[in-house]
Amino acid sequence: MNAIGPFFRQHARKTLLAATLALLGSASFAQTSAKLKIGLMLPYSGTYAALGNAIENGFKLYLAEQGGKIAGREVDIVKVDDESDPSKATDNVNKLIKRDNVDVLIGSVHSGVAMAMAKVAKDSGTLLIVPNAGADAVTGAMCAPNIFRSSFSNWQPGYAMGEVMAKKGIKKAVTITWKYAAGDETVRGFKEAFEKGGGSVVKELNLPFPNVEFQALLTDIAATKPDAVFTFFAGGGAVKFVKDYAAAGLKKSIPLYGSGFLTDGTLDAQGADADGLQTALHYADNLENPKDKAFRLSYAKTYKLQPDVYAVQGYDAGQMLGIGLRATNGDATKKAEFAKAVEAAKIDSPRGAFSLSKAHNPVQDIYLRQVTGKENRLIGVASKALVDPARGCKM
Ligand code: PHB
């Protein structure tokens, strides 16, 4: 007994030591046993506040479907209100990485904020999924193996609407938007297709983001008398623009078109002033594929609200995260495996299934929609499986 006891104790100690070393040696164990920390950087105030909330709702709906876990890991969400302010974005994102030690970043809505996030993500190697902002550079010149987008590029809806308007035989258009990446790039995409199709942009009107003093610009449109107006506005600014356009008496005389953000998530507030407007976007309210039906039902039940494009993009950011992390057993540091899985995936989105381009931007149908009552109703496909040109992306 006395001779055997120490032998067993020594053996047990060795086994325990070996097991401990194995565990310590396995970064994966340490990584995947802790909660997955997700930094959710979105606007919760200002003109895009409703957009941030819808993205969070969509993301959380996905999470709830997974029983609150992603790839077996419990989730801890750290939220930041980025205020759609690019000048605060680098500090905000650095705090999430360095102070809060997030494993993954999800954000944001505003293109300027997203470009700051992409720069930090690229430099630090942190996984980033952009659930709205369309900044072309995010999946263009700034593209990186650890940066993904569940939404669109600014070029996409602009280009699709340019094709549609040229095909309608519209010749002279005025554009009006906020002067920052989203407005500039949407208009650039529009102009590219519209002029290729025989139209010409006779005037490009701008005002600083997020200003809504449209009066002088509307007077200019009335005096210029184009065949049509093309615009990018979103959120609170889009509500005011559509109302002011109608109040100025322009709706009857000069047809207004836009990228679909003009009328998405805004129809309750715009009321009859939005009725009949045609826009292009990667979502519509009556797609009625099985995934969309289930999504809309579940969203309405959970939030007592109808979903919009932002909710879909938040939900799909969740789906992309789930696909990537399941391939790494929940380890957010295995970036190559994460990327390989997401790159190979067909994402079963409420918008219709999509895959990612080489630059990690959705390759997707852009729908032509028309406002009828409180819905953006599908009236056709403006552009099928539209691929962003990803100018400047070297990956
Ligand atoms: C953007 O800044 O990229 C942006 C913001 C709101 C939208 C779409 C794009 O609805």
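Before any of the text, the structure's been laid out above.
Residues numbered from 1 in each chain as written. Predicted model: local features only at pLDDT ≥ 70, side-chain atom pairs only at ≥ 80, totals over all residues. Heavy atoms only, no water.

S.K.: Where do I start with the packing of helix α3 (residues 49–65) against helix α13 (residues 309–327) in this structure?
M.R.: Helix-helix packing is characterised by the crossing angle of the two axes and by the distance between the axes. Their axes nearest at 6 Å, the elements α3 and α13 cross at an angle of 40°. One finds that α3 runs oblique with respect to α13. Crossing handedness for the pair α3 and α13: right-handed. Taken together, the residues of α13 that come into contact with α3 (itself represented by L51, A54, I55, G58, F59, L61, Y62 and E65) are Y310, A311, G314, Y315, A317, G318, Q319, L321, G322 and R326. Residues of the contact of α3 with α13, tallied by class, amount to 11 nonpolar, 5 polar and 2 charged. (Axes fitted to C-alpha atoms, helices over the stretch in contact; angles between N-to-C directions. Helix = DSSP H or I, 4+ residues; strand = E, 2+ residues; numbered from the N terminus. Parallel < 35°, antiparallel > 145°, perpendicular 65-115°, else oblique. Left-handed = near helix turned anticlockwise from the far one by under 90°. Contact = heavy atoms within 4.5 Å. Nonpolar A, V, L, I, M, F, W, Y, C, P; charged D, E, K, R; others polar.)

S.K.: Looking at this model, I keep getting lost on the sheet that holds strand β2 (residues 69–70). Mind explaining?
M.R.: The pairing of strands in a sheet happens through backbone hydrogen bonds and is either parallel or antiparallel. Spatially, the 6 strands line up as an open sheet ordered β2-β3-β1-β4-β5-β6, and their pairing is mixed. Strands at the two margins of the open sheet, each flanked by one partner only, are β2 and β6 (147–149). Contacts between helix α4 (residues 86–99) and the sheet are confined to β1 (36–42), β3 (73–81) and β4 (104–107), with β1 contributing the most and set at about 170° to the helix. (Pairing = 2+ DSSP bridges.)

S.K.: Hey, could you run me through the environment of I254 in this one?
M.R.: By the element assignment, I254 lies in the loop between α10 (250–253) and β10 (256–259). According to the relative accessible area criterion, I254 is buried, its value standing at 5%. Once you skip the residues sitting within four places of it in the chain, I254 turns out to touch I221, K225, P226, D227, A228, V229 and Y245. (Buried < 20%, exposed > 50% of the residue type's maximum accessible area, 1.4 Å probe, protein only.)

S.K.: So what exactly am I meant to see when it comes to the nonpolar core here?
M.R.: One recurring pattern in soluble globular proteins: nonpolar side chains tend to sit buried together. Counting 75 residues, the largest nonpolar core has Y48, I70, F148, I221, F233, F241 and L321 as the members making the most contacts within it. With 9 residues, α13 is the largest single contributor of residues to this core. Excluding residues that lie within four positions of it along the chain, I70 makes contacts with L36, I38, Y62, L63, V75, L321, G322 and L325. One finds V93, V102, A118 and A133 within the second-largest nonpolar core, a separate group that totals 25 residues. (Core = buried A, V, L, I, M, F, W, Y, C linked by side-chain atoms within 4.5 Å.)

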